[in-house]
Amino acid sequence: EKYTKLDSGENFLISAVKLSEADDVAMIFQSGFGKHILETSDEWFMDGTFATVPEQFGQLYIVMGLQHDKLFPGLHLILDLT
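Residues numbered from 1 in each chain as written. Predicted model: local features only at pLDDT ≥ 70, side-chain atom pairs only at ≥ 80, totals over all residues. Heavy atoms only, no water.

A few points about the sheet that holds strand S4 (residues 59-67)
Part 1 of the reasoning: Read across the sheet, five strands follow the order S1-S2-S5-S4-S3 without closing on themselves; strand pairing throughout is antiparallel. The sheet is open, and its two borders are formed by strand S1 (13-18) and strand S3 (44-49), each paired with just one other strand. Mean inter-strand twist for the sheet, computed between neighbouring axes without regard to direction, equals 20°.
Part 2 of the reasoning: Two strands pair when backbone bridges link them, and S1 and strand S2 (residues 25-29) are joined in this way by five bridges, in the antiparallel orientation. Residue pairing for S2: Val17 is matched across the bridge by Ala26.
Part 3 of the reasoning: Across the sheet, helix H1 (residues 32-39) touches S3, S4 and strand S5 (70-80), and the angle it forms with S5 is around 115°. (Pairing = 2+ DSSP bridges. Helix = DSSP H or I, 4+ residues; strand = E, 2+ residues; numbered from the N terminus. Axes fitted to C-alpha atoms, helices over the stretch in contact; angles between N-to-C directions. Contact = heavy atoms within 4.5 Å.)

Structure representation (C-alpha cells):
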C-alpha cells in the first residue's frame, strides 16, 4: 500500500498483474514525469537487477529514456516471484 502513491499523492503503482497460480506478480510503477520521459524519448534503454531488490521481490527492471544525452528512469517493473 505504501508504494502505490508518491509523496505528492500522485498514483505510482499503475498495474499489478498475477503471472501464475503460484501467486507470482508483476508490478509496474510510473509517475507522470516518467511517462513524459518515455513519450518524448527517441531511444529507450532497459536494465535489470536482482541485487538491489527487497528480499520479498525477485527482480527489478528499469526502462529509461534518453533526454539531452542523459538517461532518466521512466518506468519500473518489479517481479514478485515468491
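As for the side chain of Ser31
Part 1 of the reasoning: As for its placement among the helices and strands, Ser31 is situated in the loop between S2 and H1.
Part 2 of the reasoning: Take Ser31: its relative accessible area is 17%, and that puts it in the buried class.
Part 3 of the reasoning: In this view, Ser31 contacts Leu6, Glu10 and Phe12; residues no more than four positions away in its chain are not counted. (Buried < 20%, exposed > 50% of the residue type's maximum accessible area, 1.4 Å probe, protein only.)

What to know about H1
Because an α-helix packs 3.6 residues into every turn, residues spaced three or four apart end up facing the same way.
Part 1 of the reasoning: Among all positions in H1, only Gly34, Ile37 and Leu38 are buried. The buried residues of H1 occupy one face: seen down the axis, they fall within an arc of 90°.
Part 2 of the reasoning: Its buried side turned inward, H1 meets S3, S4 and S5. (Arc of directions from axis to C-beta.)

Some words on the confidence of the model for the protein chain
Part 1 of the reasoning: In the predicted model, the protein chain carries a mean pLDDT of 90, and 98% of its residues have values of at least 70.
Part 2 of the reasoning: Taken element by element, the protein chain is modelled with least confidence in S2, mean pLDDT 91, and with most confidence in H1, mean pLDDT 97. (pLDDT = per-residue confidence, 0-100.)

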